[in-house]
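Here is what each chain is made of, one letter per residue.
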Amino acid sequence: QVQLVESGGGLVQAGGSLRLSCAFSGRSFSSYVMGWFLQAPGKKREFVAVISRSGGNADYLDSVKGRFTVSREPDKNTAYLQMNNLKPEDTAVYFCAAGAPRTAVSTLERAYDYWGQGTQVTVSS
């Protein structure tokens, strides 16, 4: 069974940076696409970023392009979401997810079988 544990959330001022980590265990890390999703208060969970199994492909929500970078480190079985130039509207609970879609990457929740517990990111103005 795959387990995902996020860390790195917190409170930051607008313009600041955070790096979220997602520690993966239980199966072969390289077999899974790793995605990041967010859920803002009162809203549905939505896609933020995804990285392919090899790390060679990535995709992002339009509003975070140029500010967020997704990566993975196979030796540590860990995926990361580097978030720069944070804005108050980025405030949300961030979840990492692991899935095995047929495509290299997927922005769809249903493509992911395993989810972390979430980590809170709060950006003050």
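Thresholds applied
- Every chain is numbered on its own, with residues counted from 1 as its sequence reads.
- In view of the model being predicted, local features appear only for residues whose pLDDT reaches at least 70, and side-chain atom pairs are presented and counted only at 80 or more, with totals across whole chains, interfaces and linings using the full set of residues.
- With hydrogens and water excluded, all non-hydrogen atoms of the structure serve as input to the side-chain values.
- When DSSP finds at least two bridges between two strands, those strands are taken to pair.
- Strands are runs of DSSP state E lasting at least two residues, helices are runs of H or I lasting at least four, and both sets are numbered from the N terminus onward.
- For helices, the fitted axis covers only the stretch in contact; all axes are lines through C-alpha atoms, and the angles between them, taken along N-to-C directions, range from 0 to 180 degrees.
- When two cysteine sulfur atoms are found within 2.5 Å, that pair is recorded as a disulfide.
- The cut-offs for exposure are 20% and 50% of the maximum accessible area for each residue type, with area from a 1.4 Å probe on protein chains only; residues under the lower value are buried, those over the upper are exposed, and the others partly exposed.
- Salt bridges, as used here, are contacts in which a Lys or Arg side-chain nitrogen is within 4 Å of a carboxyl oxygen on Asp or Glu.
- Stacked, edge-to-face and tilted are the three classes for Phe, Tyr and Trp ring pairs, Trp counted by its six-membered ring, which pair at centre distances within 6.5 Å; planes under 30 degrees apart are stacked, over 60 edge-to-face, the rest tilted.
- Whether a charge sits over a ring depends on NZ of Lys or CZ of Arg being within 6 Å of the ring centre and within 35 degrees of the ring normal.

Caption draft 1: How the structure looks around the sheet that holds strand S8 (residues 78-83). A sheet is described by the order of its strands in space; here four strands give the open sequence S1-S3-S8-S7, paired in antiparallel fashion. Each edge of the open sheet is held by one strand with a lone partner, namely strand S1 (3-7) and strand S7 (68-73). Adjacent strand axes in the sheet meet at a mean angle of 15°, parallel and antiparallel pairs treated alike. By the bridge criterion, six bridges tie strand S3 (residues 18-25) to S8 in an arrangement that is antiparallel. When the bridges of S8 are listed, Leu-18 appears paired with Met-83.

Caption draft 2: Geometry of the state of the cysteines. Inspection of the entire model under this criterion finds one disulfide. The partner cysteine of Cys-22 in its disulfide is Cys-96, sulfur to sulfur 2.0 Å. Taking the sign of the S-S torsion, 60° for the link of Cys-22 and Cys-96, the bridge is right-handed. Separated by 74 residues along the polypeptide, Cys-22 in strand S3 and Cys-96 in strand S9 (residues 92-99) bring together distant segments of the chain. Across the pair, exposure class does not vary: Cys-22 and Cys-96 are buried alike.

Caption draft 3: The arrangement of the pattern of salt bridges in detail. Taken as a whole and judged by the stated rule, the model has four salt bridges. Among the salt bridges present, the one from Glu-109 reaches Arg-45, with a minimum N-O distance of 3.2 Å. Here Arg-45 lies in the loop between strand S4 (33-39) and strand S5 (46-51) and Glu-109 lies in the loop between S9 and strand S10 (112-115), a separation of 64 residues in the sequence.

Caption draft 4: Representation of the pairing of S8 within the structure. Counting buried residues along S8, five of its six residues qualify, which places the element largely inside the surrounding structure. Summarising the sheet, S7 and S8 pair through six bridges and their orientation is antiparallel. When the sheet's bridge partners are listed, Phe-68 is paired in S8 with Met-83. The hairpin formed by S7 and S8 contains four residues between the paired strands, and Asn-77 there has a positive phi angle of roughly 50°.

Caption draft 5: Summary view of the packing of aromatic side chains. On inspection of all chains with the given rule, the structure shows seven aromatic pairs. For the ring pair Phe-24 and Phe-29, a centre distance of 5.1 Å and an interplane angle of 55° mean the geometry is tilted. In this structure, Phe-24 and Phe-29 share a single accessibility class: buried. Here Tyr-32 and Tyr-114 contribute two aromatic rings whose centre-to-centre distance is 6.1 Å and whose plane-to-plane angle is 70°, an arrangement assigned as edge-to-face. Linking Tyr-32 in the loop between S3 and S4 with Tyr-114 in strand S10, this pair joins segments that are 82 residues apart in sequence. Among the aromatic residues, those joined into a ring-pair cluster are Phe-24, Phe-29, Tyr-32 and Tyr-114. Over the ring of Phe-95 we find Arg-45; its NZ or CZ atom is 5.0 Å from the centre of that ring.

Caption draft 6: Representation of unusual backbone geometry within the structure. One non-glycine residue, Asn-77, adopts positive backbone phi at about 50°. Mapped onto the elements, Asn-77 comes out in the loop between S7 and S8. Take Asn-77: its relative accessible area is 29%, and that puts it in the partly exposed class. The residue Asn-85 is not glycine, and still its phi comes out positive at about 50°. Its location among the elements puts Asn-85 in the loop between S8 and S9.

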